[in-house]
Amino acid sequence: QVQLVESGGGLVQAGGSLRLSCAASGTIFSINAMAWYRQAPGKQRELVAAITSGGSTNYADSVKGRFTISRDNTKNTVYLQMNSLKPEDTAVYYCNANVRDSTTWRNNNYWGQGTQVTVSS
């Protein structure tokens, strides 16, 4: 089994910054893509940013130029640096990882428990 544990959420004023972290642990052979999603109240979960094992990234248009996704493959950890935060960034942020399991050799998709980010105006 694989677990994803997120940290770094909180309350921040508009224009401020937060850094989210997500550490994967368990029966990991390798991690393929990692990503951050978010879900605001009453809205569908949406992709915020993703990063491949090789470091290629893509972002939602709404966060381009403000958010940066990165990963440390030695620590099985993905980060999301969020700058110039806006009230509309308020949501629960979820980490996602596609992992090759070291016991089954299958690729499975895993989710973290979510971390709340609240941006006040």
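Criteria and thresholds
Counting restarts for each chain: residues are numbered from 1 in the order of the written sequence. The predicted nature of this model means local features are confined to residues of pLDDT at least 70 and side-chain atom pairs, given and counted, to a pLDDT of 80 or more, with totals for whole chains, interfaces and linings taken over all residues. Hydrogens are left out, water is left out, and the side-chain values use all remaining heavy atoms of the structure. Strands are runs of DSSP state E lasting at least two residues, helices are runs of H or I lasting at least four, and both sets are numbered from the N terminus onward. Every accessible area reported is derived by Shrake-Rupley at a probe size of 1.4 Å, with residue values counting cover from the shown protein chains alone. Charged residues are defined here as Lys and Arg on the positive side and Asp and Glu on the negative side; His and the ends of the chain fall outside this count. Each charge is placed at NZ for Lys, CZ for Arg, CG for Asp and CD for Glu. Disulfides are defined as cysteine sulfur pairs within 2.5 Å. Three labels apply to residues, based on accessible area from a 1.4 Å probe with only protein chains included: buried if under 20% of the type maximum, exposed if over 50%, partly exposed otherwise in between. The criterion for strand pairing is that DSSP finds at least two bridges linking the strands in question. Side-chain rings of Phe, Tyr and Trp (the six-membered ring for Trp) are treated as a pair once their centres are within 6.5 Å; stacked means planes under 30 degrees apart, edge-to-face means over 60, and tilted covers the remaining angles. Placement of a charge over a ring requires the Lys NZ or Arg CZ to be within 6 Å of the ring centre, with the centre-to-atom vector within 35 degrees of the ring normal. Every case where a carboxyl oxygen of Asp or Glu lies within 4 Å of a side-chain nitrogen of Lys or Arg is listed as a salt bridge.

## Remarks on the overall build of the chain
Here is step 1 of the chain: The helix and strand tally for the chain stands at zero helices and 11 strands.
Here is step 2 of the chain: Along the first, second and third principal axes, the C-alpha set of the chain runs to 50 × 25 × 25 Å.
Here is step 3 of the chain: For the chain, the accessible surface area stands at approximately 6300 Å², while carbon and sulfur atoms represent 47% of it.
Here is step 4 of the chain: A gap of 3 Å separates the mean positions of the 11 positive and 7 negative side-chain charges of the chain.

## Re the state of the cysteines
Here is step 1 of the chain: Going through the model one piece at a time under the given rule, you end up with one disulfide.
Here is step 2 of the chain: Note on cysteine connectivity: C22 is disulfide-linked to C95, with sulfurs 2.1 Å apart. The chirality of the disulfide connecting C22 with C95 is left-handed, given an S-S dihedral of about -80 degrees. On the criterion of sequence distance, the pair formed by C22 in strand β3 (residues 18–26) and C95 in strand β9 (residues 91–101) is long-range, its members being 73 residues apart. No difference in accessibility class separates C22 from C95, as the two residues are buried.

## Thoughts on the pairing of β9
Here is step 1 of the chain: Of all 11 residues making up β9, eight are buried, and the element is well covered by its neighbours.
Here is step 2 of the chain: The pairing of strand β4 (residues 28–39) with β9 spans nine bridges and is classified as antiparallel. Each bridged residue has a counterpart across the sheet, and for A35 the counterpart in β9 is N96.
Here is step 3 of the chain: Where β9 and strand β11 (residues 115–120) come together, three bridges link them in antiparallel fashion. Bridge assignment links Y93 to a residue of β11, and that residue is T115.

## Description of the packing of aromatic side chains
Here is step 1 of the chain: For the structure shown, the criterion picks out two aromatic pairs.
Here is step 2 of the chain: Note that R19 overlies the ring of Y79, its terminal NZ or CZ placed 4.1 Å from the centroid.
Here is step 3 of the chain: We note R45 situated over the ring of Y94; from NZ or CZ to the ring centre the distance is 3.7 Å.

## With respect to the pattern of salt bridges
Side chains that differ in sign of charge can pair as their charged atoms come close.
Here is step 1 of the chain: This structure, assessed with the given rule, holds four salt bridges.
Here is step 2 of the chain: Measuring nitrogen to oxygen at the nearest pair gives 2.7 Å for the salt bridge that ties R38 to E46.
Here is step 3 of the chain: According to the relative accessible area criterion, R38 is buried, its value standing at 5%.
Here is step 4 of the chain: Judged by relative accessible area, E46 falls into the partly exposed class, the value being 36%.
Here is step 5 of the chain: Two residues, D61 and K64, come together in a salt bridge whose shortest N-O distance is 3.1 Å.
Here is step 6 of the chain: Take D61: its relative accessible area is 66%, and that puts it in the exposed class.
Here is step 7 of the chain: One continuous salt-bridge network, built from bridges that share partners, spans R38, E46, R66 and D89.

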